[in-house]
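Overview (structure and organization)
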Amino acid sequence: MSLNARLKKRFDWLRPIDEMEVALVRAATERPAGLDGRRLEVLRYALNLARLDAVPAPGGDVLVGAALTPFRERLVMTLRPWISETPGVVDLEELSAVTERVATITLRARAELLRTFAALLPEEVLEREVCEKALVVVAGGGGGAGYVYGGAFQLIDEVGRPPSMIVGTSIGSLLGLFRAKRQTMELAPLVSLSESLTWRNVFLRPRVKNRYGVPAALRLYLRKAIGHLFQHEGGERTLRMGELEIPFRVVVAGVYGGGLTHDLDYYEHLMDDVMASERVSWSTIRKTVGAAVGVLSEFVQRPAVLKEIVLGGDELTSQFDVVDAVGFSTAVPGLIHYDILREDPHMHAMMERLMEKHGVARLIDGGLVNNVPSRVAWTHVQRGDIGTRNAFILAMDCFAPQLARNLLMHPVQRLVRPQVSANAAFASFTKTFSNVLSPLDVVPDLKKIQVALRNGYAEMDTERRFLTAILRPLDPRAVAAFTST
């Protein structure tokens, strides 16, 4: 069975179990009187044991999924009547009544598993995989709306669990990069972004050559704005993806050769009339957004011309320059052009190998192929990238349609919804932010950045108790202790 087929099979039976645990923990958090802590611990242990398939062990992955199938099926049959597939419908009182039965079959399944794999699976390895849940954060695209993620990351850090991996697209990759640099959250660099992210520093309109990106009205000089914040020790170069303290994945879109419906000159001059306007008016803004929607529609509605490429997850792209990764992921065709035109033999060789490997001719905004890349996060966890396959994937979406608040961007928001919806099943929980800056506010001043950080913190704070509960390590002795009382 190929890797993709095996992962698909794993997803099909794993997803319902993960949904049951999330629903159980949320219900118990909201109604703590309905289920005491000991019983919640037993039920969660059972679900996490049932979800095992490939367990990372000292000698390599131990495949236990088939051996657990009878237990898994019996557990689901026992719990399903009381944890409905309808979100939010959980009968805590009935679950309390069946906990003893669950504990009995769980102890039996655990003991049989340890006997069957005695030579391969030490008890402490099994317990770690069952009891410790990693946190993986996905940050989606959405222009200026994405600054809300900074405050969300701050709240997540207070919960007490640094992310084991961050996956980002577009603005989500920019904010994700700041978080991925260190295990400990550093808020000051985010606040200081207003000093470096100015139109004069970041966006210019010179006619420049292009090599790997699609030309546009504005050229993104991201290295000039944030490059100094991501210097390797000694300052001789920028950090590479594999050198960040938190594993980091960035989604970009590759355009196949022949995938552009216009010549490159068209994209470079798309906004000439708008940019030549002496003053910004409502009609000018509408014309700008209309042109942008047209170009984005051209790509989104022709998915066969695009290929999703994940930077940072393999031997080749682990050596990718972090600023270049974010730059390409935020390059909106027709509007924002990012490229590598400096003298950098390492990156030029890297780009040539990358383009050849994927058969693409240009790189553009990752949001066109995967605006909230939960599937990428799930796949990389299941590949074993973070040393465990027991992970809570928290997806953050700042670009959900809000007609009343973002009338101009509403058509673009609707364009990407189908692929966002398709990815939602791969997240344990998706947090959709509503109190965000305008997507057009890509270079906010200090006051707006502070507002965005406060809003992100406040909206994520509503999930504090749930996140604290779902990420709290389980007691490996809980099941045995419950049955002995």
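No experiment lies behind these values; they were computed from the predicted model shown. (Residues numbered from 1 in each chain as written. Predicted model: local features only at pLDDT ≥ 70, side-chain atom pairs only at ≥ 80, totals over all residues. Heavy atoms only, no water.)

**Comments concerning the overall build of the chain**
Threshold: Per the convention used, a helix needs a DSSP run of H or I reaching at least four residues, while a strand needs a run of E reaching at least two, with both numbered from the N terminus. Atoms considered for the radius of gyration are the C-alpha atoms alone. The globule rule reads 2.2 Å times the number of residues to the power 0.38. Throughout, exposure labels follow a simple rule: accessible area from a 1.4 Å probe, protein chains only, divided by the maximum for the residue type, with under 20% read as buried, over 50% as exposed, and the rest as partly exposed.
Counting its regular elements, the chain contains 21 helices and 12 strands. Its C-alpha radius of gyration of 24 Å places the chain within 12% of the 23 Å reference for a compact globule of 485 residues. Seen along its three principal axes, the alpha-carbon backbone of the chain occupies a region of about 80 × 45 × 45 Å. Looking at the chain as a whole, 57% of its 485 residues are labelled buried.

**Digging into the environment of aspartate 314**
Its location among the elements puts aspartate 314 in the loop between β8 (306–311) and α15 (322–329). Along the sequence, aspartate 314 and alanine 67 sit 247 residues apart, while their C-alpha atoms lie 31 Å from each other.

**Examining the environment of valine 89**
Rules: Residues are treated as being in contact if the distance between any of their heavy atoms lies within 4.5 Å.
Its location among the elements puts valine 89 in the loop between α3 (69–79) and α4 (92–116). Given the relative accessible area of 44%, valine 89 is considered partly exposed. Along the backbone, valine 89 and alanine 57 are 32 residues apart, and their C-alpha atoms lie at a distance of 37 Å. Apart from the residues lying within four places of it in its own chain, the contact partners of valine 89 are Trp82, Ile83 and Ser84.

**Some words on the nonpolar core**
Here is the rule we go by: The criterion is simple. A nonpolar core is a set of buried Ala, Val, Leu, Ile, Met, Phe, Trp, Tyr and Cys residues joined through side-chain atoms within 4.5 Å.
In terms of nonpolar packing, the biggest core is built from 167 residues, with Leu49, Leu79, Ile226, Phe320, Met351, Phe392 and Met396 touching the most fellow members. Looking at this core element by element, the count peaks at 12 residues for helix α1 (residues 3–30). Leave out the neighbours within four places in its chain, and phenylalanine 320 touches Leu239, Arg240, Met241, Leu311, Ala325, Phe328, Met347, Met350, Met351 and Leu354.

**What about the packing of helix α2 (residues 37–50) against α3?**
Formally: Axis angles are defined between N-to-C directions and span 0 to 180 degrees, where every axis is a line fitted to C-alpha atoms and, for a helix, only to the segment in contact. We call two directions roughly parallel when the angle between them is under 35 degrees, roughly antiparallel when it is over 145, roughly perpendicular when it lies between 65 and 115, and oblique otherwise. Crossing handedness is read from the near helix: turned anticlockwise from the far helix by less than a right angle, it gives a left-handed crossing, and turned clockwise, a right-handed one. For this classification, Asp, Glu, Lys and Arg are treated as charged, while Ala, Val, Leu, Ile, Met, Phe, Trp, Tyr, Cys and Pro are nonpolar and the rest, including Gly, are polar.
The N-to-C vectors of α2 and α3 enclose an angle of 140°; their axes lie 9 Å apart at closest approach. Judged on the interaxial angle alone, α3 and α2 are oblique. Two packed elements cross with a definite hand, and for α2 against α3 that hand is left-handed. Seen from α2, the contacting residues are Leu43, Ala46, Leu47, Leu49 and Ala50; seen from α3, they are Phe71, Arg72, Leu75 and Leu79. Taken together, the residues of the contact of α2 with α3 sort by class into 8 nonpolar, no polar and 1 charged.

**With respect to helix α18 (residues 410–424)**
Test applied: Expected helix span is computed as 1.5 Å times (number of residues minus one). The bend at a residue is defined as the angle formed between two axes, one fitted to the seven residues ending at that residue and one fitted to the seven starting there.
Taking 1.5 Å of rise per residue, 15 residues should cover 21 Å, and α18 covers 20 Å from first to last C-alpha, within 8% of that figure. Within α18, the axis deviates most sharply at arginine 417, by approximately 45°, and proline proline 418 lies no more than four positions further along. Here α18 has its buried residues at His410, Val412, Gln413, Leu415, Val416, Arg417, Gln419, Val420 and Asn423.

**Topic: the packing of aromatic side chains**
Selection criterion: Ring pairs shown here join Phe, Tyr and Trp side chains whose ring centres sit within 6.5 Å, with only the six-membered ring taken for Trp; geometry is labelled stacked below 30 degrees between planes, edge-to-face above 60, and tilted in between. Whether a charge sits over a ring comes down to the Lys NZ or Arg CZ being within 6 Å of the ring centre and within 35 degrees of the ring normal.
This structure, assessed with the given rule, holds 9 aromatic pairs. On the basis of an interplanar angle of 80° and a centroid distance of 5.2 Å, the ring pair of phenylalanine 178 and phenylalanine 230 is categorised as edge-to-face. Of this pair, phenylalanine 178 sits in helix α7 (residues 171–180) while phenylalanine 230 sits in the loop between α11 (222–226) and β7 (248–256), placing them 52 residues apart in sequence. Classification of phenylalanine 178 as buried rests on a relative accessible area of 8%. Pairing phenylalanine 429 with phenylalanine 466 gives two aromatic rings, centres 5.9 Å apart and planes at 75°, and the pair type is edge-to-face. Remark: phenylalanine 466 occurs in helix α20 (residues 464–471) and phenylalanine 429 occurs in strand β12 (residues 429–432); sequence separation between them is 37 residues. As far as burial versus exposure is concerned, phenylalanine 429 and phenylalanine 466 are alike and both buried. Clustering of aromatic rings is evident, with ring pairs tying together Phe11, Trp378 and Phe426. Its end group placed over the ring of tyrosine 338, arginine 219 keeps NZ or CZ at 5.9 Å from the ring centre.

**Quick look at unusual backbone geometry**
A positive phi is found at serine 170, a non-glycine position, where the angle reads about 55°. Following the sequence through the fold, serine 170 ends up in the loop between β4 (165–169) and α7. Residue classification places serine 170 among the buried residues on the basis of a relative accessible area of 8%.

**A short note on the packing of α7 against α15**
One can describe the packing of α7 onto α15 by two numbers: an axis separation of 8 Å at closest approach and a directional angle of 160°. Looking at the two axes, α7 sits roughly antiparallel to α15. Where α7 crosses over α15, the two elements pack in a sense that is left-handed. Contact residues: α7 offers Ser173, Leu174 and Leu177, while α15 offers Val322, Val326 and Ser329. Along the lines of polarity and charge, the residues of the contact of α7 with α15 split into 4 nonpolar, 2 polar and no charged.

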